[in-house]
Amino acid sequence: MLANKTVILGITGSLAAYKAADIASKLTQAGARVEVVMTESATKFITPLTLRSITSRPVVTDMFELASEFSIEHVALAEAADVVVIAPATACVMAKLAAGISDDELTCTVLATEAPVIVAPAMHASMFQNSVTQQNLAKLKARGFTIVGPEYGRLASGKVGLGRLAETDKIIDTIGQVLSQGRDLTSKRIVVTAGGTQEPIDPVRHIGNRSSGKMGYALAEAARNRGAEVKLITAPTSLPEPVGTEVVSVKTAAEMKEAVARAVIQADALIMAAAVADYQPKSVAEAKIKKETPTLTLELIRTPDILTEVKGNFLKVGFAAESQNIVANAKQKLERKQLDLIVANDITDPSSGFGADTNKVTLIDKQGNVEDLPLLTKREVADRILDRVVSLLAKR
Ligand code: CTP
């Protein structure tokens with residue numbers, strides 16, 4: 001599994017940095033090409049020479065150093081990676097990664113890579129348990145990073161707690177698992193919609209909804225990581241564009257319908273995670289509506305139902321945002337919209353509603369099989385949906 005894989009091993013400034021030598025050694029022995037990137041503080045705990053001797057590769061320690069073949073274009077390192085592993089990861093590097101700060105070679109590499117990222121935290125227990133660190137950890141999980149450890153045991157301070165770097169074997173196993181997750185959507189063309197459409201009332205106002213776009217973006221990123229060619233058709237969101245996907249920005253349901261119709265011509269699957277407005281103002285005022293009357297009535301007309309109207313020989317996956325009779329309503333939608341799979345969620349549950357990083361969904365297929373998933377991050381939900389897409393595509 002590890003043979004001929006390029007593993008970027010990021011080492012940050014924790015006392016556990018010395019254990020990275022063991023990780024680098026085991027990876028090298030297993031046939032991986034290990035490219036070590038150290039933060040400046042990591043070099044205070046273990047020397048680059050040690051890592052260079054173990055891996056027989058230049059070690060990157062500074063963005064502006066000229067010695068390494070990767071030093072100028074750290075993007076090259078990001079592109080070469082099959083997997084990026086940060087072990088040990090300090091609270092500081094986790095905070096930087098969560099915020100998208102890229103002020104050294106390691107954080108730049110992580111920001112630029114499309115490869116899966118594994119983070120193995122190691123720090124004092126109270127730092128790990130601090131709510132800021134926990135929030136950063138949740139952000140990294142939501143972005144699809146795999147977290148391994150920390151473990152309970154004796155810490156640098158002499159105290160015992162949750163903060164020890166995971167055992168080397170566990171980290172190596174995790175790398176193997178992540179690499180073997182595979183690229184089971186290679187050469188598949190997947191169209192994903194995301195966000196909530198906006199239907200204009202006048203030049204400054206629109207009818208919108210509370211969709212954050214997180215579920216659709218998680219699907220696009222997960223499909224990309226599994227090798228798919230992804231087209232993401234997105235209504236306005238505040239999320240960054242996922243690298244390595246083709247992004248088409250739209251505003252209204254009508255624009256989304258056009259973009260979907262064009263995109264599905266060559267697609268293997270369409271996943272409609274967007275919250276499409278069901279109604280739009282019958283006419284859009286040319287000038288800003290002034291508050292001249294005590295009441296204002298807007299006449300609304302139906303928007304196109306994109307999932308129902310779009311035709312073609314591709315797999316159709318829909319979502320069902322329900323607040324009651326979830327499974328029964330979702331089954332009806334699956335039939336009415338002629339879907340292969342529907343993802344039902346209870347929008348009244350705060351852990352799965354709009355804007356949350358987690359989701360609790362039920363998958364229902366055409367055969368009527370109902371699978372209740374536990375509460376998961378949206379990224380984990382995305383992978384579970386894609387597992388089903390992979391098996392449904394295989395049956396075609
Ligand atoms: N959808 C669509 N076009 C619309 C409305 C919804 O393609 N005009 C898609 C959504 O992207 C989702 C699925 O249809 O995948 C179900 O959306 P949902 O809002 O749950 O259902 P509606 O069809 O709008 O029905 P209702 O609002 O009555 O529950």
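Residues numbered from 1 in each chain as written. Predicted model: local features only at pLDDT ≥ 70, side-chain atom pairs only at ≥ 80, totals over all residues. Heavy atoms only, no water.

**Some thoughts on a nonpolar patch on the surface**
Line of reasoning, step 1. A cluster of nonpolar residues, Y279, L296, L298 and L300, forms a patch on the protein surface that exposes about 380 Å² of accessible area.
Line of reasoning, step 2. Take L296: it is sitting in the loop between β14 (279–281) and β15 (300–302). (Patch = residues over 30% accessible without salt bridge, like charges linked within 9 Å, V, L, I, M, F, W, Y side chains within 5 Å. Areas by Shrake-Rupley, 256 points an atom, 1.4 Å probe, with all protein chains shown as cover. Salt bridge = Lys/Arg side-chain N within 4 Å of Asp/Glu carboxyl O. Helix = DSSP H or I, 4+ residues; strand = E, 2+ residues; numbered from the N terminus.)

**Thoughts on the domain arrangement of the protein chain**
Line of reasoning, step 1. You can read the domains of the protein chain as domain 1 (6–181) and domain 2 (189–395).
Line of reasoning, step 2. With centres defined by C-alpha atoms, the gap from domain 1 to domain 2 works out at 35 Å.
Line of reasoning, step 3. Contacts between domain 1 and domain 2 engage 5 residues on the former and 8 residues on the latter.
Line of reasoning, step 4. Here domain 1 packs against domain 2, burying approximately 590 Å² in sum over the two surfaces, 53% of which is carbon and sulfur.
Line of reasoning, step 5. There are 0 salt bridges connecting domain 1 and domain 2.
Line of reasoning, step 6. Counting across the domain 1 and domain 2 interface gives 1 residue pair in polar contact (both at pLDDT 80 or more).
Line of reasoning, step 7. Class assignment of the residues belonging to the side of domain 1 that touches domain 2 gives a composition of 1 nonpolar, 1 polar and 3 charged. (Domains from an automatic or database assignment. Contact = heavy atoms within 4.5 Å. Buried area = accessible area lost by both parts, 1.4 Å probe. Polar contact = N/O pair within 3.5 Å; in protein donor to acceptor, adjacent residues only side chain to side chain. Nonpolar A, V, L, I, M, F, W, Y, C, P; charged D, E, K, R; others polar.)

**A closer look at the layout of surface pockets**
Line of reasoning, step 1. In this structure, the second largest pocket occupies an estimated 970 Å³ of space.
Line of reasoning, step 2. For the second largest pocket, the lining is made up of 43 residues, of which A274, A275, V276, F319 and A321 are closest to its centre.
Line of reasoning, step 3. Listing elements by their share of the lining of the second largest pocket, those giving two or more residues are α10 (214–225), α12 (306–309), β16 (315–322), α13 (326–336) and β17 (341–346).
Line of reasoning, step 4. Its residues placed into classes, the lining of the second largest pocket shows 19 nonpolar, 15 polar and 9 charged. (1 Å grid on protein atoms, 1.4 Å probe; cavity = no way out; pocket = protein on both sides within 12 Å on 5 of 7 lines; lining within 4 Å. Points joined across faces, edges and corners; volume = space filled by probe spheres on them.)

**Focus: the site of the ligand**
Line of reasoning, step 1. In the vicinity of the ligand lie 17 residues, with M272, A274, F319, K333 and K337 positioned nearest.
Line of reasoning, step 2. Take K333: an N or O atom from its side chain is 2.6 Å from an oxygen atom of the ligand.
Line of reasoning, step 3. Those elements that provide at least two residues to the shell around the ligand are α12, β16 and α13.
Line of reasoning, step 4. Looking at the shell around the ligand element by element, the count peaks at 4 residues for β16. (Near = heavy atom within 4 Å.)

**What about the packing of helix α1 (residues 19–29) against helix α3 (residues 48–55)?**
Line of reasoning, step 1. At a closest axis distance of 9 Å, the pairing of α1 and α3 adopts a crossing angle of 15°. As summarised for this structure, α1 and α3 are arranged roughly parallel, according to the angle between their axes. As for the relative orientation of α1 and α3, their crossing is right-handed in sense. Residues A20, A21, A24, S25 and T28 of α1 lie in contact with α3, whose contacting residues are T50, L51, I54 and T55. (Axes fitted to C-alpha atoms, helices over the stretch in contact; angles between N-to-C directions. Parallel < 35°, antiparallel > 145°, perpendicular 65-115°, else oblique. Left-handed = near helix turned anticlockwise from the far one by under 90°.)

**Overview of empty space enclosed by the protein**
Line of reasoning, step 1. Considering all chains together, one arrives at 1 cavity of 30 Å³ or more under this definition.
Line of reasoning, step 2. As a volume, the largest cavity reaches approximately 40 Å³.
Line of reasoning, step 3. Together, K96, L97, G100, I101, T107, V110, L111 and R143 line the largest cavity.
Line of reasoning, step 4. Among the secondary structure elements, those contributing two or more residues to the lining of the largest cavity are α5 (91–99) and α6 (105–112).
Line of reasoning, step 5. Of all the elements, α6 adds the most residues to the lining of the largest cavity, at 3 residues.

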